[in-house]
Amino acid sequence: MLEQALKSKLSINLENAKIALETAREAHERYLVKLQEHDLETAIENYITAIKLDPTIPEGYYRLASLMWENGQIGIQSAIEQCRTAISLEPKNINAHIYAGYFLKKAQDFDGAEKAFKEAIKLGGINSSRPRLILSLSILDRMNAERFTIPQFARCLYYLFTGSVSIFWDSASIKMLYKNFNESFSMLFYKTCGEIVENFKPEHAISIYKAALQRTEREEYFCHKIGDILIKKKNADEAIEYYRKAYEANPSNRDVLVKLATVNQTYFPDNVDETIDYFNKLLEIEEDTAPIYYELGHLYVKKQDKINAISAFKLAVEREPENPFYNNSLAYAFVQAELYDDAIEYYQKAIKLNPDTEWTSIVCEALGSIYYQIKENYEAAIASYQAGSVLDPNNSEIFLSLGDVYMSDNDLDNAIRAYCDSINIKSDDYRAFAKLGIALWEKDYLEEAIVAYNKAIDLNPEYDVAQNNLGVIYLDGLGDTQEALKYFNAAIELNPNYTLAYFNAGRCEQMLGNKKEAAENYQMAIDLNKLTNELDEAEIKDRLYGLFNA
């Protein structure tokens, strides 16, 4: 009884599947003639119904793939898979092979397309005019996409001739072929002319390609070509628009997506979200995803999206664990997220891989900064900086950092030596002379410190810190109050919000007996210190009140 009921239900399903398939065919034919949206929807709906009721109908898969792809509901790879399902259900179905070849051609897999069309020709025998003619078009498209060759052109003509012989009575097919061949030969003509002119008259090539856009339906190719020329002419605003049109014509075109992502990234750095979208779309069609994750990581860093930046760089490292640049970027992302132990691990790995001594020296500097500023591990910081200086003896920055660690560790002799090494590499760096001045002052080499600070000021007359510190040497080291006041006033003029300079100027004025001027400077120091919190406010107030108590 149960078996009979199941058979009855199956029979009803098969009958309903046939009805749905026939309804879909009729709606499909109407859509091809009238291009009405409701016919397209009816056809898709009934093809889906037919497949649900009877999953063994091959026709439903390849026809549904055609309509859904045209309607933008599935991608080219999904359409190919549906055609392959149809072939697996009925390997001798000529239409399934033709549709598969068509979609493979669209995906630029010309070898796969030719194989599918030849299988259809083999199955069709003398009734294989359609696959022969479509194969000839595929060969022509391949020449358009790659390059023109005599053997390929001969094969194109062969399949065109053999396919045409059997359809002279089929006027509809002849009209269709005329339209397709007319467009393909127009494509070849404009492509060839444009490429010849492009080398010496890019503006004329753009005109040719624009004319091609009006005469053909190949926006993907010609918009791409126009975009390339405009980028060479540094006209990024127009170029990006043409790349977008090419992308709209075929969202699966890898080269166009790469152009959109890189042009956005280079010329429109504020369009971060749009660039991220293009790279994410590339992930769907690109096999080598590590470089894409790497670029995405930098974009997320720019957005200050620390979590996604770390995730993107991690995915890049997972795919290429021995890539030093990916490890370095992941370490940097961890630093931004204040995950310093993780950052140390990946900086160490990048240093170990060492692709280039100068680059690795900079990574050593970054690692040393974490040990110095975050971990306060001076020994590890010194080791890291020294390793970087060995890798690149011309890296002046690393010697500056090394000097700073020695200063913090109160190792003045090595600090002076490191700052001098930096100056020997880059003699016009005012920062190095200023840092050297501090170390010499701490070592009580006053005359040498004055020389160093004067050199820093000569190199950068607007360096307010050097002006203030030189004043301190004259005031506290040499007792030359007048000379010191000159430098403190210069520092204040350069930086009206310099709290310490006001305090030091107040000390000078107090020593010179200028109570009013001293009070004004102390009061400014108190007011600014409420914001900067650089000094002990009680000490400033004691000096201020002491002026009048005395």
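Residues numbered from 1 in each chain as written. Predicted model: local features only at pLDDT ≥ 70, side-chain atom pairs only at ≥ 80, totals over all residues. Heavy atoms only, no water.

## As for the overall build of the chain
How we decide: Secondary structure elements follow DSSP: runs of H or I no shorter than four residues count as helices, runs of E no shorter than two count as strands, and numbering proceeds from the N terminus. Burial classification: accessible surface area is computed with a 1.4 Å probe over protein chains only, and a residue below 20% of its type maximum counts as buried, one above 50% as exposed, and the rest as partly exposed. We call two residues in contact when some of their heavy atoms are within 4.5 Å. Per-residue and other accessible areas follow the Shrake-Rupley method at a 1.4 Å probe size, with only the shown protein chains counted as cover for residues.
On a plain count of helices and strands, the chain comes out with 29 helices and 0 strands. When burial is assessed residue by residue, the chain has 46% of its 550 residues classed as buried. Considering only contacts in the chain between residues 6 or more positions apart, those separated by 24 or more positions represent 49%. Summed over all atoms, the accessible surface of the chain reaches about 29000 Å², with 51% contributed by carbon and sulfur.

## Topic: the side chain of Arg507
In this fold, Arg507 is placed in helix H27 (residues 499-511). Every residue in contact with Arg507, bar those within four places of it in the chain, is listed here: Leu475, Asp476, Tyr522 and Arg543.

## A closer look at the packing of helix H14 (residues 272-285) against helix H15 (residues 290-302)
Operational definition: Lines fitted to the C-alpha atoms define the axes, with helices restricted to the stretch that makes contact. Angles between their N-to-C directions range from 0 to 180 degrees. Orientation labels follow simple angle bins: below 35 degrees gives roughly parallel, above 145 gives roughly antiparallel, 65 to 115 gives roughly perpendicular, and whatever is left gives oblique. Take the far helix as the reference: if the near one is turned anticlockwise from it by less than a right angle, the crossing is left-handed, and if turned clockwise, right-handed. Residues are grouped as follows: nonpolar covers Ala, Val, Leu, Ile, Met, Phe, Trp, Tyr, Cys and Pro; charged covers Asp, Glu, Lys and Arg; every other residue, Gly included, is treated as polar.
For the pair H14 and H15, interaxial distance at closest approach is 10 Å and the crossing angle is 160 degrees. One way to sum up the angle between H14 and H15 is to call them roughly antiparallel. Here H14 and H15 pass one another in a crossing that is left-handed. Listed contacts from H15 to Val272, Thr275, Ile276, Phe279, Asn280, Leu282 and Leu283 of H14 are Ile292, Tyr293, Glu295, Leu296, Leu299, Tyr300 and Lys302. For the contact of H14 with H15, the class distribution of residues is 10 nonpolar, 2 polar and 2 charged.

## Examining the layout of surface pockets
Where empty space is left in the structure can be found by rolling a water-sized probe over the atoms. The test is simple: Buriedness of a pocket was judged along seven lines, with at least five required to meet protein on both sides within 12 Å; pockets are open sets of points on a 1 Å grid over the protein atoms alone, cavities are sets where a 1.4 Å probe fits but cannot get out, and lining residues have an atom within 4 Å of a point. Grid points are joined across faces, edges and corners, and a volume is the space filled by probe spheres set on the points.
Taken as a whole, the second largest pocket spans an internal volume of roughly 180 Å³. Those elements that provide at least two residues to the lining of the second largest pocket are helix H13 (254-267), H14 and H15. Top contributing element to the lining of the second largest pocket by residue count: H13, with 4 residues. A breakdown of the residues in the lining of the second largest pocket according to their chemical character gives 6 nonpolar, 1 polar and 4 charged.

## Points about empty space enclosed by the protein
Counted under the stated rule, the structure contains 1 cavity of 30 Å³ or more. Considered as a void within the structure, the largest cavity measures approximately 30 Å³ in volume. In terms of lining, the largest cavity is formed by Phe110, Glu114, Leu135, Ser138, Ile139 and Arg142. Broken down by secondary-structure element, the contributors of at least two residues to the lining of the largest cavity are helix H6 (110-124) and helix H7 (129-145). Sorting elements by how many residues they give to the lining of the largest cavity places H7 first, with 4 residues.

## Quick look at the side chain of Asn469
Note the following rule: Side-chain atoms alone can form a polar contact between residues adjacent in sequence; in general such a contact is a pair of N or O atoms within 3.5 Å, and within protein one must be able to donate a hydrogen while the other accepts it.
Here Asn469 shows up in helix H25 (residues 464-477). The class for Asn469 is buried, based on a relative accessible area of 17%. In terms of polar contacts, Asn469 uses its side chain to reach the side chain of Tyr453, at 3.1 Å. Among residues more than four places away in sequence, those in contact with Asn469 are Ile438 and Tyr453.

## Details of the environment of Gln348
Inspection of the secondary structure assignment puts Gln348 in helix H18 (residues 340-353). Linking Gln348 and Asn328, residues 20 residues apart in sequence, is a C-alpha distance of 8.7 Å. When neighbours within four sequence positions are excluded, Gln348 is seen to be in contact with Leu367 and Tyr371.

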